[in-house]
Amino acid sequence: MSASPLRVGIIGVGMMGADHADRLVHRTAGAELVAVSDPDAARAADLAARFAGVRTVGDPLELIADKGVDAVLIASPGFAHEEQVLACVEYGKYTLCEKPLTMDSESSLHVVEAERNKAGRPLIQVGFMRRFDPEYARMKRLLDSGDFGRILLVHNTHRNKTVPETFRSEMIVSDSLVHEVDVCRWLFDDEIATITVLAPKPTGRAADGLLDPQVAIFQMAGGGMATTEVFVNCQVGYEVRCEAVAELGNVTVGLGQDVFVRSDDHYGGHIPDDFRDRFARAYDLEVQAWVDASRRGEVVGPTTWDGYAATAVCRAGLQSLATGRPVSVDLADRAEILRGAAT
């Protein structure tokens, strides 16, 4: 591992970018935040001023090309990711890209091919942070141990307390369900072959036209099945749970094993309002793992292929949401892409 700290630049300093900046400065070993870039120059300057030695760069592509930046954390809007990730590949910069990898499967596949054929080595980690959450990570280890036999079913619950009125039905698939897409591919170690997205009568708390909640059904290529409820105006709090059902037992995470209180004729524990609270430890571990791997010259965690596959599944999910019928997921031949990189 390099003896020098990893000099990191952040592109996009909205909610997630600002959160990552604080994480890199205060809770990540072996990293140094050196530059930030955002279309809102005042917001970037305000953030940079909070930390010693951090400068602002107006053009994100200039930040990527900067010789004083070793690695890039991309927290910009999804529509900007393709250009920025491809630039990171061009300059050989290790990158942590918040989901989505890109906005559509064609451009995501372009990134996969560019990384393999142009860089010739992995450079990109995609920000599916649940793989780093201690509960999810233990679930994966238990399932992989073989002690429970073959995994048969996964049941997911994904609820937000509220969302802005600008939140659209399609965003439940592309912005929320996408996490369960990655979780199921990871737990099953398999691709999703077919997706069905159904919507019951919406809650009266949803904005006009918003189909909320939604239920997604995944048919895995190897025969497994997963169900996911996504309810983004549940009014209760941010609740994420997952149960994996195997031949010899089941494993559940997200039951809220916090301090349990009985007082004043009530009992219960804390339900967070915000995903950054629920997955704070996961984000810390994710970024630390990225920094450590980048200093070693490696990539850990979700890859560009994982980002591409998740985007392809969500694209099929949007078609299913519109029709109410199952839609097959169209994926490229992964083995063919790997062969192309080797020649």
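Reading the values: the criteria
- Residues numbered from 1 in each chain as written.
- Predicted model: local features only at pLDDT ≥ 70, side-chain atom pairs only at ≥ 80, totals over all residues.
- Heavy atoms only, no water.
- Helix = DSSP H or I, 4+ residues; strand = E, 2+ residues; numbered from the N terminus.
- Rg over C-alpha atoms; globule rule 2.2 N^0.38 Å.
- Buried < 20%, exposed > 50% of the residue type's maximum accessible area, 1.4 Å probe, protein only.
- Contact = heavy atoms within 4.5 Å.
- Areas by Shrake-Rupley, 256 points an atom, 1.4 Å probe, with all protein chains shown as cover.
- Lys, Arg positive; Asp, Glu negative; His and termini not counted.
- Charge placed at Lys NZ, Arg CZ, Asp CG, Glu CD.
- Expected span 1.5 Å × (residues − 1).
- Phe/Tyr/Trp six-rings, centres within 6.5 Å; stacked < 30°, edge-to-face > 60°.
- Salt bridge = Lys/Arg side-chain N within 4 Å of Asp/Glu carboxyl O.
- Pairing = 2+ DSSP bridges.
- Axes fitted to C-alpha atoms, helices over the stretch in contact; angles between N-to-C directions.
- Disulfide = S-S within 2.5 Å.

Structural notes on the overall build of the protein
- The helix and strand tally for the protein stands at eleven helices and 15 strands.
- Expected size for 343 residues packed as a compact globule is a radius of gyration near 20 Å; at 20 Å, the protein falls within 12% of this value.
- Considering only C-alpha atoms, the protein reaches an extent of 60 × 55 × 45 Å along its principal axes.
- Within the protein, buried positions represent 50% of all 343 residues.
- Once local pairs closer than 6 in sequence are excluded, the contacts in the protein between residues at least 24 apart make up 73%.
- By element, 50% of the accessible surface of the protein is carried by carbon and sulfur atoms, the whole surface being about 15800 Å².
- Each charge sign in the protein was given a centre, from 35 positive and 50 negative side chains, and these centres are 2 Å apart.

What to know about helix α1 (residues 15–26)
- Spanning twelve residues, α1 covers 17 Å between terminal C-alpha atoms, matching the ideal 16 Å at 1.5 Å per step.
- Among the residues making up α1, those that are buried are Met16, Gly17, Ala18, Asp19, His20, Ala21, Arg23 and Leu24.
- Structurally, α1 contributes buried residues whose contacts are with β1 (6–11), β2 (31–37), α2 (41–49), β4 (71–74), α8 (275–278) and α9 (280–296).

Focus on the packing of aromatic side chains
- Scanning the model with the defined rule gives five aromatic pairs in all.
- When the centroid spacing of 6.4 Å and the interplanar angle of 45 degrees are considered together, the rings of Tyr136 and Phe279 count as tilted. Of the two residues, Tyr136 sits in helix α6 (residues 134–144) while Phe279 sits in the loop between α8 and α9, which places them 143 residues apart along the sequence. Accessibility assignment for this pair places Tyr136 and Phe279 in one class, buried.
- Through pairs of rings, three or more aromatic residues link up here, namely Tyr136, Tyr238, Phe275, Phe279 and Tyr283.

Some details on the pattern of salt bridges
- For the structure shown, the criterion picks out 23 salt bridges.
- One salt bridge in this structure joins Arg315 and Glu106, with 2.4 Å as the shortest N-O distance. Residue Arg315 is located in helix α10 (residues 304–323), and its partner Glu106 is located in helix α5 (residues 105–119); the two are separated by 209 residues in the primary sequence.
- Looking at Arg315, the relative accessible area reads 37%, which means it is partly exposed.
- Asp306 is the partner of Arg131 in a salt bridge, and the nearest nitrogen-oxygen pair spans 3.5 Å.

Some thoughts on the sheet that holds strand β5 (residues 94–97)
- Taken together, the six strands give an open sheet; going across it, the order is β3-β2-β1-β4-β5-β6, and neighbouring strands pair in parallel fashion. Since the sheet does not close on itself, it has two edges, and those belong to β3 (55–56) and β6 (124–126), each with one partner.
- In the packing of α1 onto the sheet, the strands contacted are β1, β2 and β4, and the crossing angle to β1 comes to about 165 degrees.
- Relative to β4, helix α4 (residues 81–90) is tilted by about 170 degrees, and along the sheet it contacts β1, β4, β5 and β6.

Let's talk about the state of the cysteines
- Taken as a whole and assessed by the stated rule, the structure comprises zero disulfides.
- For the unlinked cysteine Cys234, the closest cysteine sulfur is that of Cys242, found at 18 Å.
- With no disulfide of its own, Cys314 has Cys184 as its nearest cysteine by sulfur position, at a separation of 11 Å.

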